[in-house]
Amino acid sequence: MPPVTFHSPMYFVDNVLSLNTNSYSNSCTFYHLSLTSVENRRIKRITEVERIVKANDRDYNEKFQYADNRIHTCKYNILTFLPINLFEQFQRVANAYFLFLLILQLIPEISSLTWFTTIVPLVLVITMTAVKDATDDYFRHKSDNQVNNRQSEVLIDSKLQSEKWMNVKVGDIIKLENNQFVAADLLLLSSSEPHGLCYVETAELDGETNLKVRHALSVTSELGAEISRLAKFDGIVVCEAPNNKLDKFTGVLSWKDSKYSLNSKKIILRGCILRNTSWCFGMVIFAGPETKLMQNSGKTKFKRTSIDRFMNTLVLWIFGFLVCLGIILAIGNSIWEQQVGDQFRAFLFGNEGEKNAMFSGFLTFWSYIIILNTVVPISLYVSVEVIRLGHSYFINWDRKMYYSGKATPAEARTTTLNEELGQIEYVFSDKTGTLTQNIMTFKKCSINGRIYGEVHVDSAQKTTTKRKEPVDFSFNPQADKKFQFFDHSLIESIKLGDPKVHEFLRLLALCHTVMSEENGAGQLIYQVQSPDEGALVTAARNFGFIFKSRTPETITIEELGTLVTYQLLAFLDFNNIRKRMSVIVRNPEGQIKLYSKGADTILFEKLHPSNEDLLSLTSDHLSEFAGEGLRTLAIAYRDLDDKYFKEWYKMLEDANTATDEQDERIAGLYEEIERDLMLLGATAVEDKLQEGVIETIASLSLANIKIWVLTGDKQETAINIGYACNMLTDDMNEVFVIAGNTIVEVREELRQAKENLFGQSRSFSNGLVVCEKNQQLELDAIVEETIAGEYALIINGHSLAYALESDIKNELLELACMCKTVVCCRVTPLQKAQVVELVKEHKNAVTLAIGDGANDVSMIKSAHIGIGISGQEGLQAVLASDYSFAQFRYLQRLLLVHGRWSYFRMCKFLCYFFYKNFAFTLVHFWFGFFCGFSAQTVYDQWFITLFNIVYTSLPVLAMGIFDQDVSDQNSMSCPQLYEPGQLNLLFNKHKFFICVAHGIYTSLALFFIPYGAFYDTVGEDGQHIADYQSFAVTMATSLVIVVSVQIALDTSYWTVINHVFIWGSIATYFSILFAMHSNGIFGVFPNQFPFVGNARHSLTQNYIWLIILLTTVASVMPVMVFRFLKVDLYPTLSDQIRQKQKAHKKERPLSSRRPQTHRSSSRRSGYAFAHQEGYGELITSGKNMRTKNPPPTSGLEKALYNSTSWIENLCKKTTDTVNSFSQDKTVKL
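Residues numbered from 1 in each chain as written. Predicted model: local features only at pLDDT ≥ 70, side-chain atom pairs only at ≥ 80, totals over all residues. Heavy atoms only, no water.

For the chain, an unreviewed UniProt entry supplies the name Phospholipid-transporting ATPase and the organism Chrysochloris asiatica. Annotation of the chain in UniProt includes, under Catalytic activity (unreviewed entry), the sentence "ATP + H2O + phospholipidSide 1 = ADP + phosphate + phospholipidSide 2." (UniProt positions renumbered as here; feature names shortened; annotations may be inferred.)

Right, here's the structure in full:
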């Protein structure tokens, strides 16, 4: 081994001091630092080239300032909450706008409204938002404290001491026990298993629940569990700097003047769980935020909806509009003061000097800015928060999203993103635990041309399932009680001694990498490296061929009650190229047999020509199995001659010791012996999808939502789940697989895929290279619509890494977005987030990420909407999410019902609100031309104060919370209704300007109709009624009635609450109006309520009511005519469905149940989808086996060995079940 040079970690000067991101802080709480301390922290290690760690020496390691094991995912602490939260809130332009107005209102010379009308609602909105943010962060603190305070046994001062996780330091040696979480990234030193092996579950890292093997160096495994020897261990590790690559680790251990190479197989990562290992010891290499798990965790981001961002733009536009109006009115004031005011100023101001017209215009400008600010009142934002809160409660209360299996309701963990749920274009989904249950079940098999299992018969496009009672396995004392099989004929074939059936089950019991052990009750427990193998071995076990135990040289199984030990001669391991595995065994009769199972496409090429007829029949069966979404394997065997095997084995030994082309020679020998096989049949295993996954994906696809699967699983696993979910089908024109190992290969594969996608007709594509990237993407967005056919893209994690870190990521995105389905496999958590960010950045689309494990947290935080599934992998995803529920199928209802409704309601609310307030406010602008531009308000000041918070607040809230255009059943059954949200059709620039125009028209009618009617007019009794106060009351009453009638026209779904709020608001207006104009309140507050008696005087005049009626009709009638013609001539899809709803209102409601979606893929699965190469070597070397007594000495096995009633029980049970099977003629539809 070449010598290793020790380099000191490099330190650089960081000019920017960032205390809140200092990952080396010992606490989440930020302490007060002296100036000297601050200056010292300016020198901060930002680039670590390599890491040096010395075991059991904290003093040595502390000089490198490595991070401790404390983590914090929170955003705030007590000291930083107020400044950071206020900074985030005032990023919302509206809040800054209202703060600016508040400052203006505090200046007496220009204030035309009192300051408390702005400060009270502003403080209310900021306080409500701050409380919500503080609550969210409190739960993050709580989660962090729960993790940081977990206990771990640490070797300190030559003895094991219980320490909190947050106190663990780099270089410490800690002890882990079975089923315990790993506290930090550890170098495995020793374990309870032979040869220093240990087993870990990595579900939180890559989503896989199958166990992984890690093994210690032989030199450290000798340390065992002796505390004294471990305490004296002083090895030095030089390794890579902290990074986010989960599957890579390079380093060297130096100890006792020797150096030992380290790789990822020697490292146990934080987030893993120790399984099937009593104990192990490890040395901490990376801790806390420097662990690979935390390096893959994205930061908590401040999320805002697209409507929020658009509102920021609108506020700027409106402010610019107000400035223009203010300038016009200010100029008018200056002109009026100069031309008209001079003529009678002497009468008004007495001896006061001449007033400057320009200065008067300047003051008037600011006065009108204050008066006209009600175009965007603070109550708008209060109402928005209340509506979002209501929508969140609807999600929480939805019983159709409640999972009774775990008593888990859906939960809206944020209240600010609901309407964004109605605009999703891309869904990024994890696979394991999200789409699947990761439970493999043996469903069917084909043996010697005959199918055993459930029988599906297609007739008249309906599926009839002939399902009997499950087979009773009580005759088998070692049967797995969870296993169910419904075809009794297989038991009958076993009882009759069919040799092919016996050989088939014998192969399943022998050809695998499963390990067995007995628990305390004497029951067999299988430790499986892949769930596929577990399903096959469990099936053989239930049918009487029970795998009992293995040694490096033997495999012992129990065949129908008789223990049989086979000599294991050779193990031909699985790999991704071979896609098969084989064992060569010698049975007690001395016969040598090769048993093989693998992908049918590979194994069928190895068959003897005599299998032609059986091959054709089995191939048809495999197509049938795969069409139902089952994962299939072909099963075959070969009888070997003793002499031939010895010659072959001698060549294999020579190949294993060869120094050149070793792998190629071994592969060639495997090919040599795995030929002329005799076909036995095939197996069909179901990787259980979560309930409703297929229907949900189909429905979301109809809603034009693209679903990308991002998984840590292997390529074969991901592809087959894609077929099982009908995301991949045989009808697709082509499935592109990107698996290049270099950037050049990836670029070439992407180029070839694009050529195949576009065909030779797109010869002009070469000319696009010189275009700007944005122009290229815009062009591709157009071309995307013209792509004929359906395509899919599969890309591996290593290829994705090259694509994301280079200049070809735009090419990848272009290709991916033109494919119907995209599957990224073997991706790290950080790569998941990078894919999401790529789409967010370049497609300007709303994204949603959904997952159930810690490995999904990064993409959940990166997406616009993050959804956590409370599944089998802990609550990390839920804690980081914006919404959570228990099953993937609830995503359909969340988006198509709650999301669509929330978007529809919010857009309708905003359109009405802007219309209402433009109509209310612009009357002041028209009045300015008739009041000398004096900034006098046309309404009573109390009406201005109460209009948005009392008179019109509740009706618009009721519409924003309860309104719906179509029912939830129709929203689910017609996913196309979702598309307006994706295209942002309901509230955009065009809609906003229509609302503004509508409001301007209404303000003109509100002002000029009463003005014209009042001009030179007297009352019925001859009294003068054309005074300012009567004019103000008439306009205010007309406004309240007009906007109430308008919201009644806008309401699509009437409830009791809508009726009470709309008509009650009008009644409230009149009640308050008469109260404020009464003699009593004038007597108490004469300066505050000067309009004494005016309401009673004005509203008793018939003439006034005619004016109000005329104003209402003139304001509303054009809108009614326009909407009637639009619905009648150009109805939208929701208009059509709403008409059908009304027509069928008295009939039975439309069923929300969609036609059952059947899997139609004829794809056949490759073998061992979660399998890893190398297990064969572990088995034959015996490294993964504990020392055991010979099998017959086991109490359980001895009892079974001596039992003579096992086969009799089998025969008896079989006879009974077959008889009942033949008598049962029931067919379930």
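Draft legend 1. Broad picture of the nonpolar core. Residues Val376, Leu380, Leu910, Phe914, Tyr939 and Phe943 are the most contacted members of the largest nonpolar core, which totals 98 residues. With 18 residues, the single largest contributor to this core is helix H29 (residues 890-928). When residues no more than four places from it in sequence are discounted, the contact partners of Val376 are Tyr97, Phe98, Val315, Ile318, Tyr381 and Phe914. Counting 55 residues, the second-largest nonpolar core is a separate cluster that includes Ile52, Leu246, Leu253 and Cys272. (Core = buried A, V, L, I, M, F, W, Y, C linked by side-chain atoms within 4.5 Å. Buried < 20%, exposed > 50% of the residue type's maximum accessible area, 1.4 Å probe, protein only. Helix = DSSP H or I, 4+ residues; strand = E, 2+ residues; numbered from the N terminus. Contact = heavy atoms within 4.5 Å.)

Draft legend 2. Quick look at empty space enclosed by the protein. For the structure shown, the criterion picks out nine cavities of 30 Å³ or more. Within this model, the largest cavity holds a volume of roughly 100 Å³. (1 Å grid on protein atoms, 1.4 Å probe; cavity = no way out; pocket = protein on both sides within 12 Å on 5 of 7 lines; lining within 4 Å. Points joined across faces, edges and corners; volume = space filled by probe spheres on them.)

Draft legend 3. Spatial organisation of the pairing of strand S36 (residues 865-869). When you tally the buried positions in S36, you get five out of five residues, the bulk of the element. Because side chains alternate across S36, one face comprises the buried residues Ile865, Ile867 and Ile869, and the other comprises Gly866 and Gly868, equally buried. Strand direction decides the pairing type here: strand S35 (residues 846-851) and S36, joined by four bridges, are parallel. Paired with Gly851 across the bridge in S36 is Gly868. One crossover worth recording links S35 to the parallel S36 by way of helix H27 (residues 857-862), and it is right-handed. Sheet topology places S36 next to strand S37 (residues 883-885); three bridges connect them, and they run parallel. Bridged to Ile867 within S37 is Tyr883. (Pairing = 2+ DSSP bridges. Right-handed = clockwise from strand over helix to strand, strands pointing away.)

Draft legend 4. Region of the structure containing a negative patch on the surface. On the surface, a cluster of negative charge is contributed by Asp660, Glu661, Asp663 and Glu664. As for its placement among the helices and strands, Asp663 is situated in helix H19 (residues 662-673). (Patch = residues over 30% accessible without salt bridge, like charges linked within 9 Å, V, L, I, M, F, W, Y side chains within 5 Å. Areas by Shrake-Rupley, 256 points an atom, 1.4 Å probe, with all protein chains shown as cover. Salt bridge = Lys/Arg side-chain N within 4 Å of Asp/Glu carboxyl O. Lys, Arg positive; Asp, Glu negative; His and termini not counted. Charge placed at Lys NZ, Arg CZ, Asp CG, Glu CD.)

Draft legend 5. Expanded view of the sheet that holds strand S3 (residues 50-54). With antiparallel pairing, the four strands of this open sheet are ordered in space as S3-S10-S11-S12. One side of each edge strand has no neighbouring strand; the edge strands of this open sheet are S3 and strand S12 (258-262). Here the strands of the sheet are splayed against their neighbours by 20° on average, with no regard to which way each runs. Bridge analysis of strand S10 (residues 236-240) against strand S11 (residues 251-255) gives four bridges, and the strand direction is antiparallel. If you follow Ile236 over to S11, its bridge partner there is Ser254. (Axes fitted to C-alpha atoms, helices over the stretch in contact; angles between N-to-C directions.)

Draft legend 6. Representation of the UniProt feature "active site" (unreviewed entry) in the chain. The positions UniProt marks with the feature "active site" (unreviewed entry) are Asp430. Locating Asp430 in the fold gives a position in the loop between strand S17 (424-429) and strand S18 (436-447). Here the side chain of Asp430 touches Lys832 through a polar contact of 3.4 Å, side chain to side chain. (Polar contact = N/O pair within 3.5 Å; in protein donor to acceptor, adjacent residues only side chain to side chain.)

Draft legend 7. Representation of helix H17 (residues 612-627). Taking 1.5 Å of rise per residue, the 16 residues of H17 would be expected to cover 22 Å, and the 22 Å separating its terminal C-alpha atoms lies within 8% of that figure. All of the buried residues along H17 are Leu614, Thr618, Ser619, His621, Leu622, Phe625, Ala626 and Gly627. (Expected span 1.5 Å × (residues − 1).)

Draft legend 8. Layout of the packing of aromatic side chains. Applying the stated rule across the entire model yields 66 aromatic pairs. Judged by centre distance (5.1 Å) and plane angle (65°), the rings of Tyr1069 and Phe1070 are edge-to-face. The same class applies to Tyr1069 and to Phe1070, which are both buried. One cation-aromatic arrangement involves Lys54 over Tyr60; the distance from NZ or CZ to the ring centre is 5.7 Å. (Phe/Tyr/Trp six-rings, centres within 6.5 Å; stacked < 30°, edge-to-face > 60°. Lys NZ or Arg CZ within 6 Å of the ring centre and 35° of its normal.)

Draft legend 9. Summary view of the packing of helix H35 (residues 1028-1050) against helix H39 (residues 1102-1129). For the pair H35 and H39, the least separation of the axes is 9 Å and the interaxial angle reads 30°. With respect to their mutual orientation, H35 and H39 come out roughly parallel. The handedness of the crossing between H35 and H39 is right-handed. Residue-level inspection shows Thr1034, Thr1037, Ser1038, Ile1041, Val1042, Val1045, Gln1046, Leu1049 and Asp1050 of H35 in contact with H39, the latter providing Ile1104, Trp1105, Ile1107, Ile1108, Thr1111, Thr1112, Ser1115, Val1116, Val1119, Met1120 and Arg1123. (Parallel < 35°, antiparallel > 145°, perpendicular 65-115°, else oblique. Left-handed = near helix turned anticlockwise from the far one by under 90°.)

Draft legend 10. The pairing of S11, seen in detail. Counting buried positions along S11 gives five out of five residues, so the element sits mostly inside the fold. In S11, alternate side chains face the same way, and those of Gly251, Leu253 and Trp255 on one face and Val252 and Ser254 on the other are all buried. Pairing analysis gives five bridges linking S11 to S12, with the strands arranged antiparallel. Pairing of Gly251 across the sheet is with Leu262, part of S12.

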